[in-house]
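Residue strings, one per chain:
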Protein chains: 2
Amino acid sequence: MPGKPKSKRRSGCPVNISLEMLGDRWSLLIIRDLMVRGFRTYKEFQSSGEGIATNVLAGRLRKLQAAGIIVAEVEAADGRRVNYRLTEKGMDLAPVVLELLIWGARYDDTGASCAMIGKLEKHRKELLAEVRRRWRKRDATPLQAKSGEWLWP
Amino acid sequence: MPGKPKSKRRSGCPVNISLEMLGDRWSLLIIRDLMVRGFRTYKEFQSSGEGIATNVLAGRLRKLQAAGIIVAEVEAADGRRVNYRLTEKGMDLAPVVLELLIWGARYDDTGASCAMIGKLEKHRKELLAEVRRRWRKRDATPLQAKSGEWLWP
DNA sequence: CAATATTACTTGTGAAATGCAAGTGATTTA
DNA sequence: TAAATCACTTGCATTTCACAAGTAATATTG
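Residues numbered from 1 in each chain as written. Chains lettered and ligands numbered in written order. Predicted model: local features only at pLDDT ≥ 70, side-chain atom pairs only at ≥ 80, totals over all residues.

1. Notes on the overall build of chain A
Reasoning step 1: Assigned secondary structure in chain A consists of eight helices and two strands.
Reasoning step 2: Residues classed as buried in chain A amount to 29% of the 153 residues present.
Reasoning step 3: Residue pairs in contact within chain A that sit at least 24 positions apart in sequence constitute 50% of those at least 6 positions apart. (Helix = DSSP H or I, 4+ residues; strand = E, 2+ residues; numbered from the N terminus. Buried ≥ 20, exposed ≤ 12 C-beta atoms within 10 Å, placed from the backbone. Contact = placed C-beta atoms within 7 Å.)

Next up, the structure:
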């Protein structure tokens, strides 16, 4: 039994960054991988090379479900597989993820030629629209490779 | 001696969400408070009601400095006071913070009338410009009250 | 159809981070 | 000069995390 989180304070009109769910090392990475790398299964997350521990991954997936950010469904054709998908609420994090990607690219750059970054900044809207279109179609082809390279447009 | 973080993996072209710095419960809250609540001192962070532990706050401020996101300077008029400010790099997180605020407001809403949310979404650019203008002027008047309420425009 | 493989986890253990209460040292104010 | 303020640090109990190993359910292979 995990026990309740001990009741957190909340201010009046709740325009607050809500980092109770997203304020950890992995949640946003999982969301990004669902959003732009086309990840769907537990195994993909584990072997993505980011190094999340298996028990922590399981915990995060559970929490993200409980928060209504992702849903899990067992694949009809193969009862072993569980496919994770973003909900509408989860997809609405796309602007956050995009801005984080842009910021990270601008400052965490280890030097590789990333002309793509300028394109991301200039075409925020189109990219967000594309991500959402693929989400609706359940199209899991990645916009971003495992290496981080962008496959867009 | 804290010891090195044990070397994290990095992919080739580094377009990655870099959550090594921001992937915790407090960093983005500190940045938001500097950005839109006009916080400047240690004490303000401590007594903001968010409940960050004092040792953790000290640690985060140190890490954010080391990452070049904030700077600390002792106040000339009062040698006890240390004022924290965002760097350019820190200010460039404004779009991230704004999108998080919008998302949080949309979904974490406990019900209060927040017509302001729509305004934030419609006037992203103006708000970002305003935040940056105040930052340049070192104007610490908050855009967002402690309660979360927006004082803008 | 039995043996093996795959997938999605859980469990156990030590290390690290966190939360809390109390204390410290450098100023500044009364 | 004593008290107050500010920005921290220290110690300790609790929680979370990382790593390795194991398990249960389904699927594939021979």
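Text resumes after the structure shown.
2. Digging into helix α4 (residues 54-66) of chain A
Reasoning step 1: The terminal C-alpha atoms of α4 of chain A lie 18 Å apart, and with 13 residues this matches the ideal 18 Å at 1.5 Å per residue to within 8%.
Reasoning step 2: Of the residues one or two after α4 of chain A, Gly 68 of chain A is the one with positive phi, at around 75 degrees. (Expected span 1.5 Å × (residues − 1).)

3. Thoughts on the nonpolar core
Where a protein is soluble and globular, its nonpolar side chains tend to be buried together.
Reasoning step 1: Counting residues in hydrophobic clusters, the biggest one holds 56 residues, and the most contacted among them are Ile 31 and Val 97 of chain A together with Ile 31 and Val 97 of chain B.
Reasoning step 2: Elements supplying a minimum of two residues to this core: α1 (19-22), α2 (27-36), β2 (82-86) and α6 (94-107) of chain A together with α1 (19-22), α2 (27-36), β2 (82-86) and α6 (94-107) of chain B.
Reasoning step 3: Setting aside residues up to four positions removed in sequence, Ile 31 of chain B forms contacts with Ile 69, Leu 86, Gly 90, Leu 93 and Val 97 of chain B. (Core = buried A, V, L, I, M, F, W, Y, C linked by C-beta atoms within 7 Å.)

4. A closer look at the protein's contact with DNA strand D
Reasoning step 1: Residues in close proximity to DNA strand D total 22 residues, the closest being Gly 79 of chain A together with Thr 41, Tyr 42, Lys 43 and Ala 58 of chain B.
Reasoning step 2: Elements with a contribution of two residues or more to the surface near DNA strand D: α4 of chain A together with α3 (42-46) and α4 (54-66) of chain B.
Reasoning step 3: A per-class count over the surface near DNA strand D returns seven nonpolar, eight polar and seven charged. (Near = placed C-beta within 6 Å. Nonpolar A, V, L, I, M, F, W, Y, C, P; charged D, E, K, R; others polar.)

5. Considering unusual backbone geometry
Reasoning step 1: With an omega of 0 degrees, the peptide bond running from Trp 152 of chain A to Pro 153 of chain A counts as cis.
Reasoning step 2: Tracing the backbone shows Pro 153 of chain A in the segment after α8 (124-137).
Reasoning step 3: Of note in the backbone geometry, Arg 138 of chain B takes a positive phi value of approximately 55 degrees without being a glycine.
Reasoning step 4: Among the secondary structure elements, Arg 138 of chain B is positioned in the segment after α8 (124-137).

6. Overview of the protein's contact with DNA strand C
Reasoning step 1: The environment of DNA strand C is formed by 21 residues, the closest being Thr 41, Tyr 42, Lys 43 and Ala 58 of chain A together with Gly 79 of chain B.
Reasoning step 2: Of all the secondary-structure elements, those providing two or more residues to the surface near DNA strand C are α3 (42-46) and α4 of chain A together with α4 of chain B.
Reasoning step 3: For the surface near DNA strand C, the leading source of residues is α4 of chain A, giving four residues.
Reasoning step 4: Residue composition of the surface near DNA strand C, by class: seven nonpolar, seven polar and seven charged.

7. Side note on the environment of Ala 76 of chain B
Reasoning step 1: With respect to the element layout, Ala 76 of chain B can be found in the loop between β1 (70-74) and β2.
Reasoning step 2: Owing to 8 C-beta atoms within 10 Å, Ala 76 of chain B belongs among the exposed residues under this scheme.

8. Topic: the environment of Gly 68 of chain A
All names here are of chain A.
Reasoning step 1: When you line up the elements, Gly 68 lands in the loop between α4 and β1 (70-74).
Reasoning step 2: Residues Gly 68 and Thr 87, 19 residues apart in the sequence, show an inter-C-alpha distance of 6.8 Å.
Reasoning step 3: The residues contacting Gly 68, other than those within four sequence positions of it, are Thr 87 and Lys 89.

9. Describing the packing of α2 of chain B against α6 of chain B
All names here are of chain B.
Reasoning step 1: Between α2 and α6, the shortest axis-to-axis distance is 10 Å and the interhelical angle comes to 100 degrees. On the basis of their axis angle, the class for α2 and α6 is roughly perpendicular. Here Leu 28, Ile 31, Arg 32 and Met 35 of α2 come into contact with α6, specifically with Ala 94, Val 97 and Leu 100.
Reasoning step 2: Class assignment of the residues belonging to the contact of α2 with α6 gives a composition of six nonpolar, no polar and one charged. (Axes fitted to C-alpha atoms, helices over the stretch in contact; angles between N-to-C directions. Parallel < 35°, antiparallel > 145°, perpendicular 65-115°, else oblique.)

10. Quick notes on the environment of Asp 33 of chain B
All names here are of chain B.
Reasoning step 1: Mapped onto the elements, Asp 33 comes out in helix α2.
Reasoning step 2: Spatially, the C-alpha atom of Asp 33 lies 13 Å from that of Gly 51, the residues being 18 residues apart in sequence.
Reasoning step 3: Excluding anything up to four places from it in sequence, Asp 33 contacts Phe 39, Phe 45 and Ser 48.

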